[in-house]
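Structural overview
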Amino acid sequence: MNIPFPNLAPVTPEIIMAVAASIILIFDLILKDKSPLALLTICVAGATLYFIPSSLGETFGGMFISDSYSMYFKLIFMVNLILTVLISLKYIQRQKAEYGEYYSLLLFATTGMMIMASSGDLIVLYLGLELMALSTYILAGIKRHDIKSNEAAIKYFLLGAFSSSLLLYGISLIYGLTTTTDIAKIAAYLKQTGTSTPLLMSMILIAVSFSFKIAAAPFHMWAPDVYEGAPTSITAFMSVGPKAAGFAVIGRVFYGAFQSVQADWTGILIGIAILTMAVGNIIALSQTNIKRMLAYSSIAHAGYALLGVIAGTQAGLHAMMTYLMIYAFMNIGAFAIVILLDKGEEIKDYNGLAKSRPAVAALMLVFMFSLTGIPPTAGFIGKFNIFMALINAGYAWLAVIAVIFSSISAYYYLRIVMNMYMKDMEEEAVINPSPSLGLAIGITVLMVFAIGIMPSIVIG
Amino acid sequence: MSYPILSTVIFLPIVGAIFILFIKRTNESLIRWTALLLSLLTFGLSLPLFTSFDKTTAQMQFREVSNWIPAWGIKYSLGVDGISVLFVLLSTLLTILCVTVSWKSIKQRTKEFYAALLLIEGSMIGVFCSLDLFLFYIFWEAMLIPMYLLIGVWGGPNRIYAAIKFFLFTLVGSVLMLIGIIVLYLNTGKSFDVMQMMTTNYPYHLQLILFWAFFAAFAVKVPMFPVHTWLPDAHTEAPTAGSVILAGILIKMGAYGFLRFAMPILPEATKAMSPVMMVLSVIAIIYGAVICLGQTDLKRLIAYSSVSHMGFVTLGIFALNIQGLQGGILQMINHGVVTGGLFLAVGMIYDRTHTRKIADYGGTASVLPIYAAFFMVFTLASIGLPATNGFIGEFLIILGGFTASKLMGILSATGIIIGAGYMLWLYQRVFFMEVNPKLQGFKDIDMREILTLVPLVILVFWIGVYPNTFLSFMDVSVQNLISRVNSAGQPQVAQQILEVIK
């Protein structure tokens with residue numbers, strides 16, 4: 001049997017990433033000072049960004065697809081990676097977690113996400129997902145001496161493994177039904193046979209597993225504990241990257257494989273989306289720790305992004321992708337402020353911040369209003385786009401529910417603003433500025449306003 | 001005109017606010033003077049709107065159109081007609097007075113205060129000038145941020161509660177309108193162009209739904225009964241400048257929204273719903289006035305009187321005839337002038353006594369005679385005494401109300417009587433009777449404060465004696481609006497009949 005050598009052009013970005021991750025592991029043994037590794041990681045991300053546009057095509061017999069859909073997600077992953085490295089640099093030194101593996105694992109995790117976004121086959125999808133998940137389990141627990149970090153890693157691992165097994169179960173049911181794991185072939189098969197009970201079961205299993213990844217209710221339980229325990233930089237990374245990757249595969253599988261049975265999965269997703277928005281927004285109201293609050297807020301945002309998928313149209317898919325891009329900027333921005341503050345994990349730490357650090361408070365204000373979705377910030381554009389697609393698809397009632405929950409969310413975001421501006425300070429806030437962190441905050445705040453005022457840069 | 005007036009008037013304050021943020025914090029006098037200069041300059045630049053406005057046409061004037069977000073068909077589209085032009089001028093004028101009245105009373109975070117004030121000014125003018133619904137919504141919502149901070153940071157003791165309440169009430173209303181806007185957009189062939197919407201006929205059931213979506217946002221802002229409860233808290237707790245902006249302009253945006261969007265875009269629904277709106281208005285008039293009688297707090301009393309006065313405005317608007325509409329619009333200006341003046345005046349005495357309780361006053365007229373005279377003018381204008389502006393507005397509204405429904409006319413007239421009751425009683429308790437010992441030794445208002453009040457007093461009498469200066473601005477536009485509302489639906493009825501025949 002003669003197996004032709006596969007065309008490697010479409011996988012160039014992934015190859016660069018994986019090779020670089022391995023090289024960093026070796027450098028780690030030689031270098032005492034780890035900060036050059038951060039620089040290297042950013043350079044790799046830059047190089048990958050350069051190769052992404054030219055990677056169009058399919059390879060490995062259609063198991064790996066690089067199209068505009070996956071490219072957009074890879075762009076989000078690169079943004080996520082670069083911003084995470086920028087906010088990590090000094091922070092992990094402070095947290096005494098500066099290992100070379102940190103950067104290597106970030107690269108591996110991102111490679112996993114890229115493979116997920118490009119998967120044309122359920123097995124490849126699973127491979128990417130595991131690469132991403134295993135790397136993030138370790139990253140969540142990288143503060144070895146911190147018991148909360150350990151707890152986060154174990155919790156994440158157990159529940160993550162559980163969800164992976166559900167995914168495998170779902171895939172095996174599909175395989176039994178269609179005798180293939182190729183997404184395009186499954187789609188073709190289902191077009192002929194239509195819906196059936198085993199198919200519905202496997203769709204539910206797959207939906208549940210993906211819901212774990214994007215932290216959608218009722219499979220969100222891990223998120224607050226993991227987000228709180230993990231190093232803040234990794235929390236920022238996890239709240240954007242794996243979530244976006246989860247959405248990428250939801251789009252691939254539900255729009256690709258299950259296109260013909262849309263009516264069946266829309267119902268499942270609507271239920272999940274409403275519950276997710278409700279749980280995320282309502283529980284966030286009572287949080288006292290800002291990382292937990294942002295965890296619930298990220299659950300809620302997954303709910304909004306799901307609405308784009310539910311719309312079931314190209315516009316809806318685009319809106320979901322744009323939303324994730326915007327979310328990356330505003331959420332990492334908010335986490336960057338948390339990192340900037342020496343003591344910034346409890347919500348009461350923000351009391352009177354506007355007095356002692358007016359500039360920091362003003363930046364946080366921008367991110368909070370953007371997360372609420374108030375113009376002229378990017379958050380508004382993201383939500384507007386989603387609602388527009390949703391209403392256009394005939395789900396105006398769902399949009400009404402979403403805006404009501406969105407108004408509820410205003411309360412907990414505003415509470416941070418209220419603490420910063422309207423309460424008296426308990427003690428002078430100490431900040432840990434560094435050039436890289438400043439750069440990250442600068443980029444995010446600039447993008448929040450740029451997208452808010454000129455949305456043409458992300459839509460279309 | 002060689003410059004884009006509207007854009008200049010919108011963005012000069014906004015850019016100025018950002019500029020102020022970069023001034024050194026300790027240099028407070030520079031901050032104040034910059035803010036004053038900016039607000040004066042904005043006012044000066046807005047004057048061509050007054051002088052070179054063409055009163056003979058209902059067309060939008062001073063148009064500025066350019067592409068903004070082509071992918072969504074969104075345009076940066078500005079323009080004013082006879083309905084909106086006066087509000088732009090009112091905004092630029094009141095902002096100056098807000099700057100001067102806060103000159104000494106704002107002692108902490110001066111920089112942020114004036115920046116917030118100017119940001120509010122810019123976005124308010126943006127609301128009145130936008131002819132693209134998306135742009136309108138951006139300004140409408142963006143204004144919430146500085147206003148929230150203005151109430152919450154520089155307000156009274158209960159400011160945090162008031163600020164959050166204000167924000168949440170307005171936000172819930174606004175997002176429901178957002179859904180309405182998107183539905184409208186999809187039904188207008190993917191366009192946010194207001195001019196295009198005004199000539200499109202939407203199906204009746206859609207109009208009804210959209211009307212209530214817009215109602216959610218506009219009624220909260222006005223505020224109409226029963227969603228008025230944020231107003232007394234916000235007005236009372238806000239700093240003087242905040243109360244003036246809220247009462248003077250911000251709540252006008254709700255009524256303006258009805259005039260600019262709800263009525264011409266959804267004429268049939270407006271017609272069908274006008275009895276409901278009139279009933280709600282009359283409830284607001286009487287309920288607001290009765291509540292005023294029971295108030296023990298100066299600012300709270302004036303806040304509730306706003307509910308009553310805005311009831312007159314919406315009554316006039318939804319009477320759907322020329323007198324009512326003209327009266328409604330003029331009364332919006334009047335209310336901005338008079339209630340703005342009352343809040344300014346209350347702010348001045350509060351700076352001295354630091355109490356808002358009516359019981360802490362008494363005999364003020366003999367301690368601060370000049371102040372008392374100014375307050376008298378605003379009190380009488382608020383009651384609607386002939387020769388003051390309040391009379392013209394309320395007269396027209398009640399005339400319009402009678403034409404639409406006799407019962408509504410009679411009921412709303414009782415509001416004026418109660419209004420005279422609570423305002424005169426307030427004046428008596430605060431300014432006459434025995435001098436409260438707590439008031440001894442306070443100085444009368446100084447030149448800065450007099451200059452703050454004088455422009456409003458001039459307006460009170462100007463509109464009261466010769467309202468035509470202002471009414472002539474809106475004549476043609478109002479007629480155009482009325483004919484749009486009244487002629488609506490006929491083609492569709494014809495269509496339906498044709499369908500039945502088929």
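In short, a report on the structure.

Its 19 residues place the ends of helix 4 (residues 100–118) of chain A 28 Å apart at the C-alpha level, agreeing with the 27 Å of an ideal helix rising 1.5 Å per residue. Of all the 19 residues making up helix 4 of chain A, 18 are buried; the element is thus mostly covered by neighbouring parts of the structure.

Overall, the coordinates contain 61 aromatic pairs over all chains when judged by the stated rule. Aromatic pair Phe380 of chain A and Phe384 of chain A: ring centres 5.6 Å apart, planes at 35°, arrangement tilted. Of this pair, Phe380 of chain A and Phe384 of chain A both sit in helix 16 (residues 378–392), four residues apart, which is roughly one turn of that helix. For the pair Phe380 of chain A and Phe384 of chain A, a shared accessibility class is recorded, and that class is buried. Note on Phe380 of chain A and Phe134 of chain B: the rings are 5.9 Å apart at their centroids and 40° apart in plane angle, and the pair reads as tilted. On the criterion of chain membership, the pair formed by Phe380 of chain A in helix 16 and Phe134 of chain B in helix 5 (residues 133–142) is interchain, its members lying in two chains. The two residues Phe380 of chain A and Phe134 of chain B agree in class, both being buried. Put simply, the rings of Phe136, Trp140, Phe211, Trp212, Phe214, Phe215, Phe218, Phe258, Phe261 and Phe318 of chain B pair up and form one aromatic cluster. In this arrangement the basic side chain of Lys55 of chain B is found over the ring face of Phe473 of chain B, its NZ or CZ atom lying 4.5 Å from the centre.

A few words on the interface of chain B and chain A. Many authors give the size of an interface as the accessible area that is lost as the parts come together. Listed as interface residues are 36 residues of chain B and, on the opposing side, 34 residues of chain A. Roughly 3300 Å² of surface becomes buried between chain B and chain A when both sides are summed, with 82% attributable to carbon and sulfur atoms. A per-residue breakdown of the area chain B buries against chain A is headed by Trp72, Arg109 and Ile179 of chain B, which together make up 18% of the total. Elements with a contribution of two residues or more to the side of chain B that touches chain A: strand 1 (61–69), helix 5, helix 6 (144–154) and helix 7 (159–187) of chain B.

All right, on to helix 2 (residues 35–51) of chain A then. All names here are of chain A. With 17 residues, helix 2 extends 25 Å between its outermost C-alpha atoms, agreeing within 8% with the 24 Å of an ideal straight helix rising 1.5 Å per residue. Here helix 2 has its buried residues at Leu37, Ala38, Thr41, Val44, Ala45 and Thr48. Taken around the axis of helix 2, the buried residues stretch over an arc of 120°, which confines them to a single face. Opposite its buried face, helix 2 presents the exposed residues Leu39 and Tyr50, each directed more than 90 degrees away. Against helix 1 (12–30), helix 3 (68–94) and helix 4 lie the buried residues of helix 2.

Here the focus is the pairing of strand 1 of chain B. All names here are of chain B. As defined by bridge partners, strand 1 adjoins strand 2 (residues 74–80) across six bridges and the pair is classed as antiparallel. Within the sheet, the bridge partner assigned to Asn67 lies in strand 2 and is Lys75. In textbook terms, the turn of a hairpin is the stretch between consecutive antiparallel strands, and for strand 1 and strand 2 this stretch comprises four residues, one of which, Gly73, has a positive phi near 65°.

Turning our eyes to something else, we now look at unusual backbone geometry. Cis geometry is adopted by the peptide bond preceding Pro218 of chain A, which originates at Ala217 of chain A and carries an omega value of 0°. Along the chain, Pro218 of chain A turns up in the loop between helix 8 (197–214) and helix 9 (222–229). At the junction of Phe225 of chain B and Pro226 of chain B, the peptide bond is cis and its omega measures out at 5° in the coordinates. Structurally, the position occupied by Pro226 of chain B is in the loop between helix 9 (204–221) and helix 10 (230–237). The phi dihedral of Ala215 of chain A falls on the positive side, at around 60°, and the residue is not glycine.

Residues and elements named next belong to chain B. Direction vectors running N to C along helix 14 (residues 322–353) and helix 19 (residues 447–465) enclose 155°, while the axes themselves pass 10 Å from each other. As judged from the angle between their axes, helix 14 and helix 19 are roughly antiparallel. Of the two possible hands of crossing, helix 14 and helix 19 adopt the one that is left-handed. Contact residues: helix 14 offers Leu330, Ile333, Asn334, Val337, Val338, Gly340, Gly341, Leu344, Ala345, Met348 and Arg352, while helix 19 offers Glu449, Thr452, Leu453, Leu456, Leu459, Val460 and Ile463. Tallied by class, the residues present in the contact of helix 14 with helix 19 amount to twelve nonpolar, four polar and two charged.

Here we come to the nonpolar core. Core analysis: the biggest nonpolar cluster contains 380 residues, and Phe73 and Phe258 of chain A together with Tyr148 of chain B have the highest contact counts within it. In terms of residue count, helix 13 (residues 314–340) of chain A provides more of this core than any other element does, 20 residues in total. Non-local contacts of Tyr148 of chain B, meaning those with residues more than four positions away in its chain, are made with Phe369, Leu414, Val417, Met418 and Met422 of chain A together with Ala163, Ile164, Phe166 and Phe167 of chain B.

Looking now at the environment of Arg144 of chain A. Residues and elements named next belong to chain A. With respect to the secondary-structure elements, Arg144 resides in the loop between helix 5 (122–140) and helix 6 (147–178). Judged by relative accessible area, which is 52%, Arg144 ranks as exposed. Between the alpha carbons of Arg144 and Met78 there is a distance of 27 Å; along the sequence they are 66 residues apart. Excluding anything up to four places from it in sequence, Arg144 contacts Tyr99 and Asn150. Separated by 3.3 Å, the side chains of Arg144 and Tyr99 make a polar contact.

For the rest of this paragraph, the subject is the side chain of Ser46 of chain B. Residue and element names in this part refer to chain B. Position of Ser46 relative to the elements: it lies in helix 2 (residues 28–51). Judged by its relative accessible area of 0%, Ser46 is buried. A polar contact of 2.7 Å, which involves the side chain of Ser46, links it to the backbone oxygen of Phe43. Once you skip the residues sitting within four places of it in the chain, Ser46 turns out to touch Val9, Leu89 and Thr92.

Turning to the pattern of salt bridges, a few remarks are in order. Residues and elements named next belong to chain A. Evaluation of the coordinates by the stated rule reveals 21 salt bridges over all chains. Measuring nitrogen to oxygen at the nearest pair gives 3.9 Å for the salt bridge that ties Lys155 to Glu151. Of the two residues, Lys155 and Glu151 are both situated in helix 6; the distance of four residues between them amounts to about one turn of the helix.

Once that is clear, we can look at the packing of helix 17 (residues 396–422) of chain A against helix 7 of chain B. Look at helix 17 of chain A against helix 7 of chain B: their axes get within 9 Å of each other, and the N-to-C directions meet at 155°. Between helix 17 of chain A and helix 7 of chain B, the interaxial angle falls into the category roughly antiparallel. Relative to helix 7 of chain B, the crossing made by helix 17 of chain A is right-handed. Of helix 7 of chain B, the residues touching helix 17 of chain A (which contributes Ala399, Val400, Val403, Ile404, Ser407, Ala410, Tyr411, Leu414, Met418 and Met422 of chain A) are Arg159, Ile160, Ile164, Phe167, Leu168, Leu171, Val172, Val175, Leu176 and Ile179 of chain B. Taken together, the residues of the contact of helix 17 of chain A with helix 7 of chain B break down into 18 nonpolar, one polar and one charged.

Reading the values: rules and limits
- Residues numbered from 1 in each chain as written.
- Chains lettered and ligands numbered in written order.
- Predicted model: local features only at pLDDT ≥ 70, side-chain atom pairs only at ≥ 80, totals over all residues.
- Heavy atoms only, no water.
- Helix = DSSP H or I, 4+ residues; strand = E, 2+ residues; numbered from the N terminus.
- Expected span 1.5 Å × (residues − 1).
- Buried < 20%, exposed > 50% of the residue type's maximum accessible area, 1.4 Å probe, protein only.
- Phe/Tyr/Trp six-rings, centres within 6.5 Å; stacked < 30°, edge-to-face > 60°.
- Lys NZ or Arg CZ within 6 Å of the ring centre and 35° of its normal.
- Contact = heavy atoms within 4.5 Å.
- Buried area = accessible area lost by both parts, 1.4 Å probe.
- Arc of directions from axis to C-beta.
- Pairing = 2+ DSSP bridges.
- Axes fitted to C-alpha atoms, helices over the stretch in contact; angles between N-to-C directions.
- Parallel < 35°, antiparallel > 145°, perpendicular 65-115°, else oblique.
- Left-handed = near helix turned anticlockwise from the far one by under 90°.
- Nonpolar A, V, L, I, M, F, W, Y, C, P; charged D, E, K, R; others polar.
- Core = buried A, V, L, I, M, F, W, Y, C linked by side-chain atoms within 4.5 Å.
- Polar contact = N/O pair within 3.5 Å; in protein donor to acceptor, adjacent residues only side chain to side chain.
- Salt bridge = Lys/Arg side-chain N within 4 Å of Asp/Glu carboxyl O.

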